[in-house]
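What the coordinates show
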Protein chains: 2
Amino acid sequence: MENARELFQIMTRRLGLLNKNCCTVGGCDLSPAHSHILYEVDRRHNPSMQQIAETLGTDVTTFSRQVQALIKMNLLQKTPDPSDRRVYTLSLTVSGKMAATTIDTQMNAYLDEVFSYMSEFEQETLLRSVKLFNEAMGKSSKCCAPVTG
Amino acid sequence: MENARELFQIMTRRLGLLNKNCCTVGGCDLSPAHSHILYEVDRRHNPSMQQIAETLGTDVTTFSRQVQALIKMNLLQKTPDPSDRRVYTLSLTVSGKMAATTIDTQMNAYLDEVFSYMSEFEQETLLRSVKLFNEAMGKSSKCCAPVTG
DNA sequence: GATAATATTTGCATAATGCAAGTATGAGCC
DNA sequence: GGCTCATACTTGCATTATGCAAATATTATC
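Residues numbered from 1 in each chain as written. Chains lettered and ligands numbered in written order. Predicted model: local features only at pLDDT ≥ 70, side-chain atom pairs only at ≥ 80, totals over all residues. Heavy atoms only, no water.

Looking up chain A in an unreviewed UniProt entry gives the name MarR family transcriptional regulator, with the organism given as Paenibacillus helianthi.

Right under this line is the structure:
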């Protein structure tokens, strides 16, 4: 396990599995895709549908349907933007906010458990490194460019 | 962007998009799922179907069909295990090996580009940290346990 | 040699995806 | 104002992906 790609491949695979497992929230069984949407809407301020879809790299039509599903589950709200009536603004319902928080807590709990196998110093180094890595990816123009954050 | 989950969420999203983009290899347009299979078969020695499916966290029946698709694309081979005829052993064809290598190269090239926005020291620290993190996840019993490597 | 366990495949029903086309609103220009 | 074009979002439709239950074939157990 020497080259960079290898390390990241294994890591993302594991985190992906984690994502699958951590999405069961109070009866509702959220797919990773749905969980990602809640996460992203939560961290933004009244984003439009298009913005979130682009950020997540999802086709808008697929995204439209995912949003419909989340609305039906009473986790998401769609509000028409008064300044441009073509646009819909997304926000979490109370249940949606709760679901997002629960998922976040579960994920962090799992990460804490993993961190227990690392020293304090190693943890901090890891988080600092990932932060720098994210920033570097943000600067890169090659691909994955639409992802902000 | 302060808690651990947040950092990893953003990172995996970006790397996921990268995976999507990097899978176009010589005409063949591989899905991330297919690419993961090639990757995993490549790094193992004649694994069984079950082993790979479990490692990737995929249902065996879904996996069986993914394998069929890759065989049809002439990237993968299925050989009956002489010592247990229930078992099929997977291996890459020459084209499959080539595809896997190409993807690996593309991914590493992209990562190199990203690394250009980081200092030598930061890169090394990142890779060392991720390695430790992977090992820690391997030790964790909570979830994602089946993933070896 | 009968029964249980394992590895893989197929049937089937469901869900996810994305392109093309449709609707509704806004912007630019005469 | 009114025509044309661009934009934000939704629906039709065909394709693909998914997973459970059941089938098949082989091996292990007793």
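Each copy of the sequence occupies a distinct position, and chain A is placed on chain B by a rotation of 180° and an axial shift of 0.0 Å, giving an RMSD of 0.0 Å. These values place the two chain copies in the arrangement generated by a two-fold rotation axis. In terms of proximity to the rotation axis, the leading residue of chain A is Thr 12 of chain A, whose C-alpha is 2.9 Å off the axis. Both copies contact each other with a shared surface, as 100% of the interface residues of chain A are interface residues in chain B too. (Least-squares fit on C-alpha atoms with pLDDT ≥ 70 in both. Contact = heavy atoms within 4.5 Å.)

Over its 20 residues, helix H6 (residues 120–139) of chain B runs 29 Å from end to end, which matches the ideal 28 Å to within 8%, given 1.5 Å per residue. Every buried residue of H6 of chain B is accounted for by Gln 123, Thr 125, Leu 126, Ser 129, Val 130, Phe 133, Asn 134, Ala 136 and Met 137 of chain B. In this structure, the buried residues of H6 of chain B make contact with helix H1 (4–21), helix H5 (94–115) and helix H6 (120–139) of chain A together with helix H1 (4–21) and helix H5 (94–115) of chain B. (Helix = DSSP H or I, 4+ residues; strand = E, 2+ residues; numbered from the N terminus. Expected span 1.5 Å × (residues − 1). Buried < 20%, exposed > 50% of the residue type's maximum accessible area, 1.4 Å probe, protein only.)

Here the focus is the side chain of Arg 5 of chain A. Relative to the helices and strands, Arg 5 of chain A is located in helix H1. Assessed through its relative accessible area of 2%, Arg 5 of chain A is described here as buried. Separated by 2.8 Å, the side chains of Arg 5 of chain A and Asp 104 of chain B make a polar contact. Residues within four places of Arg 5 of chain A in sequence aside, it is in contact with Ser 35, Tyr 39, Ile 103, Asp 104, Met 107, Asn 108 and Leu 111 of chain B. (Polar contact = N/O pair within 3.5 Å; in protein donor to acceptor, adjacent residues only side chain to side chain.)

When pLDDT is averaged across chain A, the result is 89; 90% of the residues are at 70 or more. For chain A, the element scoring lowest by mean pLDDT is strand E1 (residues 24–25) of chain A, at 67; strand E4 (residues 88–92) of chain A scores highest, at 97. (pLDDT = per-residue confidence, 0-100.)

Core analysis: the largest hydrophobic core is formed by 72 residues, its most contacted members being Phe 8 and Phe 133 of chain A together with Phe 8 and Phe 133 of chain B. In contact with Phe 133 of chain A, other than residues within four places in its own chain, are Phe 8 of chain A together with Met 11, Leu 15, Leu 111, Val 114, Phe 115, Met 118 and Leu 126 of chain B. (Core = buried A, V, L, I, M, F, W, Y, C linked by side-chain atoms within 4.5 Å.)

The subject of this paragraph is helix H3 (residues 49–56) of chain B. Every buried residue of H3 of chain B is accounted for by Met 49, Ile 52, Ala 53, Thr 55 and Leu 56 of chain B. Viewed end-on, H3 of chain B has its buried residues packed into an arc of 165°, placing them on one side of the element. Against the buried residues of H3 of chain B lie H1 of chain A together with helix H2 (32–43), helix H4 (60–72), strand E3 (76–80) and strand E4 (88–92) of chain B. Trailing H3 of chain B by a residue or two, Gly 57 of chain B shows a phi angle of about 70°, which is positive. (Arc of directions from axis to C-beta.)

On to the protein's contact with DNA strand C, then. If you check the shell around DNA strand C, you find 19 residues, and the closest are Arg 65 and Arg 86 of chain A together with Gln 50, Ser 64 and Lys 78 of chain B. In DNA strand C, atoms within 4 Å of the protein come 63% from sugar and phosphate. One of the side-chain nitrogen or oxygen atoms of Thr 61 of chain A is found 3.1 Å away from a base nitrogen of DNA strand C. A distance of 2.8 Å separates a base oxygen of DNA strand C from a polar atom in the side chain of Arg 65 of chain A. If you list the elements that add at least two residues to the surface near DNA strand C, you get helix H4 (60–72) of chain A together with H3 and H4 of chain B. Partitioning the surface near DNA strand C into residue classes produces three nonpolar, eight polar and eight charged. (Near = heavy atom within 4 Å. Nonpolar A, V, L, I, M, F, W, Y, C, P; charged D, E, K, R; others polar.)

So, on to the packing of H1 of chain A against H1 of chain B. For the pair H1 of chain A and H1 of chain B, interaxial distance at closest approach is 10 Å and the crossing angle is 115°. Seen along the crossing, H1 of chain A lies across H1 of chain B with a hand that is left-handed. Residue-level contacts link Phe 8, Gln 9, Met 11, Thr 12, Leu 15 and Asn 19 of chain A of H1 of chain A to Phe 8, Gln 9, Met 11, Thr 12, Leu 15 and Asn 19 of chain B of H1 of chain B. For the contact of H1 of chain A with H1 of chain B, the per-class residue count stands at six nonpolar, six polar and no charged. (Axes fitted to C-alpha atoms, helices over the stretch in contact; angles between N-to-C directions. Left-handed = near helix turned anticlockwise from the far one by under 90°.)

What follows deals with the pattern of salt bridges. All names here are of chain A. Taken as a whole and assessed by the stated rule, the structure comprises 14 salt bridges over all chains. Notably, a salt bridge pairs Glu 40 with Arg 44, separated by 3.1 Å at the nearest N-O pair. By relative accessible area, which is 25% here, Arg 44 ends up partly exposed. Lys 97 is the partner of Asp 42 in a salt bridge, and the nearest nitrogen-oxygen pair spans 2.9 Å. Of this pair, Asp 42 sits in helix H2 (residues 32–43) while Lys 97 is found in helix H5, placing the two residues 55 residues apart along the sequence. For Asp 42, a relative accessible area of 31% translates into the label partly exposed. (Salt bridge = Lys/Arg side-chain N within 4 Å of Asp/Glu carboxyl O.)

What follows covers the interface of chain A and chain B. Contacts between the two partners involve 61 residues from chain A and, on the opposite side, 61 residues from chain B. Looking at the side of chain A facing chain B, the largest losses of area belong to Arg 5, Arg 13 and Arg 14 of chain A, adding up to 13% of the total buried there. At the junction of chain A and chain B, the tally comes to six salt bridges. Residues Arg 13 of chain A and Glu 40 of chain B are paired through a salt bridge, measuring 2.5 Å at the closest nitrogen-oxygen approach. Counting across the chain A and chain B interface gives 17 residue pairs in polar contact (both at pLDDT 80 or more). Those elements giving two or more residues to the side of chain A that touches chain B turn out to be H1, H2, helix H3 (49–56), H5 and H6 of chain A. (Buried area = accessible area lost by both parts, 1.4 Å probe.)

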